[in-house]
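Read off the chains here:
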Amino acid sequence: MSPPRPFDLCAAELPLGSGRWLLEASAGTGKTYTIVGIVLRLLAAGTIRIDRAVLMTFTRAATAELRERLRQGLNLAIQVLEGQVAAGDDPLLQCLLQQHGDRHKVARRLRRALVDCDGALIATIHGFCHRLLHDHALRVGVPLAAELDGDLSAWRQRCIHDLLRDWNHRLTRAGACLVAPALDPTILQEQAQLIERQPDFAFVGSAIDAATVETRLAAVRQAWPDWRRQIVSFFEARCAVLGPDYSQRELTPVLDRIGELWDEPDHTLLEDLLRPLLDPRLSTGQRRQLAAEDWHRQLLQEHLHFSDLLQALDNCLAGPAGVELQRAVHERYQIALVDEFQDTDQLQWRIFKKLFSATHQRLILIGDPKQAIYGFRGADVQAYLQAAAEIPDRHRFTLATNFRSDAGLVQATNALFDRGPTTFVDEGIPFRPVDARHGQRFDDPGHPAALQIWWHPFAGRVQTVRRDIADHCAAEIARLLQDARRQDGAHWRQLRPPDIAVLVTSHRQGDLIAEALRRLPRPLASVRNLRTSIFTTSLASDVAQVLGAVLAPHQERRIRSAAVSRIGGLVLADLTDPTRTGDRERIMLRLRELRLRWREEGFAVAWQAILDQGIGLQPARVLAAADSDGERTLTDLLHLGDLLTQTVAEQGLGPDAVVHWLESRIAAPAFDDEEQHLRLERDDDAVRIMTIHGSKGLEFPVAFAPFLWSSPRPDDSPLINEGGHWKWYVAPIATD
């Protein structure tokens, strides 16, 4: 496979005829500009109509930006063609002027496209699939009453509850005890979420079921008397050497206990006893399979998750109705552009190939395989490599100029990664150096290098090292704000806090940076844009404890937990101080008052009372707390309150159900649900703290990545990609 050629958007003849095309676009190489430019050129030439185009990307925010950029591009192109404004140094606008003699005719085409712009299908990949399923529901076989739901937590809980009940009905007490760790709700939650993210897989290996467990248990129970005689005989023959601890008198109580396992089961003893009959990997392999098939079989009955849209569409295309659906799409759409193609998977690629395979259609894929290596957004790099291999060399291009970073950073990045064909291990993912459009737009006399790598001696506990690194990062930010300048248009200005981003991988790392910035001699404000669920925060657990205490104000444990939470505003010493014995009674009375208000006036009134007056002896002043991140805490409290109030209104939940709903979300947060993502606590002059994932596509003059060394735990997922196909490995059952 030959290297892709540089793509020239302004070539005399745009090299994008019918068929499949691939544009490799590294970060900052003008990808969105190129997508809009391709559409404008094809519209100007009369090759396509805007209402017969599909533009797909990965997030709703990206689709909104793409739609707006397309409108702006059409507007500006019309004004240039009609002579209202000059083309300036924009190569695309100059191209439109030079290559079309009848400018008024082209302007009319573009104006018609602008009027019909709302008819263009600009959507996420899942949005496109949802549109097809809605338009062809009867043909596809999706229930008309099925709901599209980004958060299937409640439905997931119901499926798991049904699965547990089914298994328990088919197992004896001993069998239920043996598989209890396999049926742990937390494990089942994790595996259900894994299936949601990667539904296109096949099981490999033998699956265990209740009948198998009971058959093995019956065999052990039947064989036990003979085993017991053999054990006694073995130790009696060696008692003189082993000593009196192994005499029949000492062994009898132990052997009697094993014989009672069928009536008084013990998981550890049972599993040890069954090792000759059941593979010991049951605990890591077969147990994960228990939820999978039942979960996937039930899911399409009432609710549609994003992954189910793809699965339903793929099933339709593979069945007898697929021919008609393909014909309808072939007639409806002339062109499809898939942005962020590296974030797709095998299932999505299979769908695209079938839907956009007509001889008159164009399927243009834009992406960067390097960004798929770590599987952000469920990306499958093997799917990208397979697609690239299926596209002929003459249809493969690359964007070779970086428009985002300064020349120094581009050159440093080239030097760091341009290490031959195996830079990223797989030769199908080469590093392609790019040129820089901009020179030097940042001035730091103290440390002029555009790319800096810091080394830490790593002495002491990991948590101490993380805090030390956060402090160094904060100190360097303070220095830059004092010494560094950046170019802003034609002028230079002092660096400001919003010019700086700190990239982290977890909420806890973000807290470390925010705390370090607050500890500076001149404290700096920060704002966190972390694409993590509000239900992963410790404050969510605090709220659950407080609401639980409101419903059970007579339980000492709940009262103490709620009182010392951030909402309660007390400390443990307040509750143990013998001089303050009346505090507990006053807290109990306050909780009873809140319970009464909740039951009589509703959750919203009770929640507002908690925010206004707290549950302790005085209202908790979260904004004024010197030792806490008050703005972050208040933002999260209001966010949790909004989610709870909305759920109560939509589902009509009673008090006990509200607490259960919150606890279930804490146990299994939906990271892909944008409503759960942490909100910004402020938007003024503050340093930005965000996840690496959330920073994708954003631009900052200065970026810190202080925790790249802190690797996450190894992935123990049973899903493995082999030959472009995902397989779920299940440990086999021993037969001897």
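Our subject is the structure listed above.
Note that residues are indexed from 1 along each chain, following the sequence as it is written. The predicted origin of the model limits local features to residues at a pLDDT of at least 70 and limits the giving and counting of side-chain atom pairs to 80 or more, whereas totals for whole chains, interfaces and linings rest on all residues. Here the side-chain values reflect all heavy atoms present in the structure, with hydrogen atoms and water set aside.

K.L.:
Give me the overall build of the protein chain: which residues, what numbers.
P.N.:
Working definition: helices are DSSP H or I runs of at least four residues, strands are E runs of at least two. Numbering for both runs from the N terminus. Each helix and strand in the protein chain was counted, giving 29 helices and 21 strands. Note on classification: 1.4 Å probe, protein chains only; a residue is buried when its accessible area is under 20% of the maximum for its type, exposed when over 50%, partly exposed between these limits. In the protein chain, buried positions account for 48% of the 736 residues. Contacts: residue pairs with any heavy atoms within 4.5 Å of one another. For the protein chain, restricting intrachain contacts to residue pairs at least 6 apart in sequence, the fraction spanning at least 24 positions comes to 79%. Calculation of accessible area relied on Shrake-Rupley with a 1.4 Å probe; when residues are assessed, cover is drawn exclusively from the protein chains displayed. Taken as a whole, the protein chain presents about 36100 Å² of accessible surface, with 52% of it coming from carbon and sulfur.

K.L.:
Residues and numbers for the pairing of strand β16 (residues 500-504), please.
P.N.:
Buried residues dominate β16, accounting for five of its five residues. Because side chains alternate across β16, one face comprises the buried residues Ile 500, Val 502 and Val 504, and the other comprises Ala 501 and Leu 503, equally buried. The pairing criterion for strands is at least two bridges between them, as found by DSSP. In terms of strand pairing, β16 meets strand β19 (residues 702-704) through three bridges, oriented parallel. From the neighbouring strand, Ala 501 faces β19, where its bridge partner is Ala 703. Sheet analysis places β16 next to strand β18 (residues 687-691), joined by four bridges and oriented parallel. Within the sheet, the bridge partner assigned to Ala 501 lies in β18 and is Arg 688.

K.L.:
Can you explain the nonpolar core? Please cite residues and give values.
P.N.:
By convention a nonpolar core is built from buried Ala, Val, Leu, Ile, Met, Phe, Trp, Tyr and Cys residues, the set being connected through side-chain atoms within 4.5 Å. Formed by 45 residues in total, the largest nonpolar core has its most connected members in Phe 7, Ile 38, Leu 74, Leu 110, Leu 337 and Ile 364. Tallying contributions element by element places helix α1 (residues 31-44) first for this core, with eight residues. Filtering out sequence-adjacent residues up to four positions away, Ile 38 remains in contact with Phe 7, Leu 9, Leu 14, Leu 16, Leu 23, Leu 337 and Ile 364. Grouped together as the second largest cluster of nonpolar side chains are 40 residues, Leu 22, Leu 310, Cys 316 and Phe 356 included.

K.L.:
With reference to specific residues and values, describe the environment of Leu 255.
P.N.:
Secondary-structure assignment places Leu 255 in helix α12 (residues 248-259). Taking relative accessible area as the criterion, Leu 255 reaches 4% and is therefore assigned buried. Beyond its immediate sequence surroundings of up to four residues, Leu 255 is in contact with Trp 224, Arg 228, Ile 231 and Val 232.

K.L.:
Talk me through the packing of aromatic side chains; I want residue IDs and the actual numbers.
P.N.:
Any two of the Phe, Tyr and Trp rings considered here, Trp counted by its six-membered ring, make a pair once their centres fall within 6.5 Å; the pair's planes then place it as stacked at under 30 degrees, edge-to-face at over 60, or tilted in between. Tallying each qualifying case throughout the model produces twelve aromatic pairs. A ring pair is formed by Trp 454 and Phe 704, whose centres lie 6.2 Å apart and whose planes are at 70°; its orientation type is edge-to-face. Here Trp 454 is found in the loop between β13 (442-443) and α21 (462-483), whereas its partner Phe 704 is found in strand β19, with 250 residues between them in sequence. Judged by its relative accessible area of 45%, Trp 454 falls in the partly exposed class. Members of the aromatic cluster, joined through ring pairs, are Phe 7, Trp 21 and Phe 397.

K.L.:
How would you summarise the packing of helix α23 (residues 538-551) against helix α27 (residues 603-613) if you had to cite specific residues and measurements?
P.N.:
For any two helices packed against each other, one specifies the crossing angle of their axes together with the interaxial distance. In this description, a line fitted to the C-alpha atoms serves as the axis of each element, helices being fitted only across the stretch in contact, and the angle between N-to-C directions of two axes falls anywhere from 0 to 180 degrees. Closest axis-to-axis distance for the α23/α27 pair is 12 Å, and the angle between their directions is 115°. One finds that α23 runs roughly perpendicular with respect to α27. Here α23 and α27 pass one another in a crossing that is right-handed. Residues Val 543, Val 546, Leu 547 and Val 550 of α23 form the contact with α27, whose participating residues are Phe 603, Trp 607 and Ile 610. Put simply, angles under 35 degrees are roughly parallel, angles over 145 are roughly antiparallel, angles from 65 to 115 are roughly perpendicular, and the rest are oblique. Throughout, a crossing is termed right-handed when the near helix is turned clockwise from the far one, and left-handed when it is turned anticlockwise from it by less than a right angle.

K.L.:
Describe the packing of helix α2 (residues 60-81) against helix α4 (residues 103-115), and please don't skip the residues or the numbers.
P.N.:
Here α2 crosses α4 at 155°, and the two axes come no closer than 9 Å. Between α2 and α4, the angle falls in the class roughly antiparallel. Of the two elements, α2 crosses α4, and the hand of that crossing is left-handed. Note on element contacts: α4 touches α2 through Arg 103, Val 106, Ala 107, Leu 110, Arg 111, Ala 113 and Leu 114, opposite Arg 71, Leu 74, Asn 75, Ala 77, Ile 78 and Leu 81. A breakdown of the residues in the contact of α2 with α4 according to their chemical character gives nine nonpolar, one polar and three charged. Each residue is assigned to one of three groups, with Ala, Val, Leu, Ile, Met, Phe, Trp, Tyr, Cys and Pro labelled nonpolar, Asp, Glu, Lys and Arg labelled charged, and all others, Gly among them, labelled polar.

K.L.:
Outline unusual backbone geometry, listing residues and values.
P.N.:
With glycine set apart, most residues show a phi of negative sign, and most peptide bonds adopt trans. Positioned with a positive phi, Glu 340 is a non-glycine residue whose angle comes to about 55°. Among the secondary structure elements, Glu 340 is positioned in the loop between β8 (335-338) and α18 (346-355).

K.L.:
Go over the pattern of salt bridges with me, naming the residues and quoting the values.
P.N.:
Every case where a carboxyl oxygen of Asp or Glu lies within 4 Å of a side-chain nitrogen of Lys or Arg is listed as a salt bridge. Inspection of every chain in the model, using the stated rule, returns 29 salt bridges. The closest approach of N and O atoms between Asp 135 and Arg 131, which form a salt bridge, is 3.3 Å. Of this pair, Asp 135 and Arg 131 both sit in helix α5 (residues 125-135), four residues apart, roughly one helical turn. Residue classification places Arg 131 among the partly exposed positions, given a relative accessible area of 35%.

K.L.:
I'd like a rundown of the sheet that holds strand β17 (residues 526-529), residues and numbers included.
P.N.:
Here we have four strands laid out as an open sheet, ordered β17-β18-β16-β19, and parallel in their pairing. Among the strands making up the open sheet, the edge pair consists of β17 and β19. Averaged over all neighbouring strand pairs, the angle between strand axes comes to 25°, with direction disregarded.

K.L.:
Go over the sheet that holds strand β9 (residues 362-367), please, and point to the residues and values.
P.N.:
Taken together, seven strands build an open sheet; the order of strands is β1-β10-β2-β9-β8-β3-β4 and the sheet is parallel. Strand pairing shows two members of the sheet lacking a second neighbour, β1 (5-6) and β4 (121-124), which therefore form its edges. Bridging between β1 and strand β10 (residues 396-399) involves two bridges; their strand directions are parallel. Counterpart to Pro 6 in the pairing with β10 is Thr 398. Against the sheet, α18 makes contact with β2 (19-25), β3 (53-57), β8 and β9, and its axis sits at roughly 155° relative to β9, the strand it touches most. Relative to β2, helix α19 (residues 381-390) is tilted by about 125°, and along the sheet it contacts β2, β9 and β10.

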